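As a plain string of letters, each chain reads:
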Amino acid sequence: MSSSTRPLPDLTGRLAVVTGASDGLGRVIAGRLAGAGADVVLPVRNQEKGETAAAGIRRDAPGVTVRVARLDLASLESVTALVDQLTADGRPIDILVNNAGVMTPPQRTETDDGFELQFGTNHLAHVALTLGVLPLLRDGEARVVQQTSIAARQAAIAWDDLNGERGYSAMTYYQQSKLACALFGFELQRRSDEHGWGLISTVAHPGVSPTNLFGAQPAMGRQRDMLGKRAIGLAARVGIVGSVPSAAEPAVLAVTDPDARGGEFYGPKRLLGGPAVRIDPWKPMRNRADARRLWDTSIELLDGYVPNPE
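Because the structure is predicted, anything quoted here is derived from the model rather than measured.

What counts and how
Residues numbered from 1 in each chain as written. Predicted model: local features only at pLDDT ≥ 70, side-chain atom pairs only at ≥ 80, totals over all residues. Heavy atoms only, no water. Phe/Tyr/Trp six-rings, centres within 6.5 Å; stacked < 30°, edge-to-face > 60°. Helix = DSSP H or I, 4+ residues; strand = E, 2+ residues; numbered from the N terminus. Buried < 20%, exposed > 50% of the residue type's maximum accessible area, 1.4 Å probe, protein only. 1 Å grid on protein atoms, 1.4 Å probe; cavity = no way out; pocket = protein on both sides within 12 Å on 5 of 7 lines; lining within 4 Å. Points joined across faces, edges and corners; volume = space filled by probe spheres on them. Nonpolar A, V, L, I, M, F, W, Y, C, P; charged D, E, K, R; others polar.

Participant: Break down the packing of aromatic side chains for me, citing the residues and quoting the values.
Facilitator: The relation between two aromatic rings is expressed through the spacing of the ring centres and the mutual angle of the planes. Within the structure shown, the criterion is met by five aromatic pairs. Centre to centre, the rings of Trp197 and Trp295 are 6.4 Å apart; their planes meet at 25 degrees, and the pair counts as stacked. Of this pair, Trp197 sits in the loop between α6 (170-195) and β6 (200-204) while Trp295 sits in helix α9 (residues 288-301), and the two are 98 residues apart along the sequence. The same class applies to Trp197 as to Trp295, namely buried. Note on Phe265 and Trp282: the rings are 5.1 Å apart at their centroids and 85 degrees apart in plane angle, and the pair reads as edge-to-face. Here Phe265 is found in strand β7 (residues 265-268), whereas its partner Trp282 is found in the loop between β8 (276-279) and α9, with 17 residues between them in sequence. We classify Phe265 as buried; its relative accessible area is 1%. Classification of Trp282 as buried rests on a relative accessible area of 13%. Joined through ring pairs, the aromatic side chains of Phe184, Trp197 and Trp295 make up one cluster.

Participant: Talk me through the environment of Lys178; I want residue IDs and the actual numbers.
Facilitator: Structurally, Lys178 can be placed in helix α6. Relative accessible area serves as the criterion here: at 5%, Lys178 is assigned to the buried category.

Participant: Please provide a residue-by-residue account of the layout of surface pockets, values included.
Facilitator: Of the volumes computed, that of the second largest pocket is approximately 170 Å³. Taken together, Pro9, Asp10, Leu11, Arg14, Asp94, Ile95, Gly140, Glu141, Arg143, Val255 and Thr256 make up the lining of the second largest pocket. The residue inventory of the lining of the second largest pocket, partitioned by class, reads four nonpolar, two polar and five charged.

Okay, structure coming up:
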């Protein structure tokens, strides 16, 4: 179970939706699931990159259906359009990997809907997507995984300033957004158990790997690679941190492990990298009161975009 090259169960006939699959971890996750027979939907912001990724997946996994869909997580209107498209298709969703994200814009930036970019993109948009397609997830008795980060280990929710309007640090609000992802994933399982939704909701973290999160991101104002990108690339080559393929494996394991139970946490065996295993949730993730409060607050913030599933 801990091998990064372990075979996956047969996923033929299953439908997987993987956000952020145009490159990096999401591209590897989608490719791994397709290689096991799953049909995949790649919701992406950059259509050209998405089509390139889809072509590569089709080449590596002939016979599966790979579809690119439009999704800009910085726009709830775009999230709603994807929800409407998937709902109109009517096909049950068996796997949902909420993987896409942004990290540390150089200046405080807002989504189209006025939320701090990292909280709005990494957390709120994925809440809107997940709850928007909840009927399809229930029909598929789905596996749902939220991708968090080692940044969440020392994180807290700034309840009195969720949007960073009174005091903003890019890393602090990245930490908040990734803790929010984890708290939502664990609370989704508790709500599923309470209401009989039939989901298996888990959380995963990839450790550290040389992904494009550390690269230039002109769309959010970063014109150059982050200073640490080269060092992380070198560390990956000597095994200090993970490679992109190995860093994708915790999320893959979370949605394919036959023994997975809802509310579990997956990551590399070592904090920064290594084989994918089940691990203990970090302390900030275990705060059930914060998880409940975040769920209710998120529903309020998303009023008009998602119905309260309860």
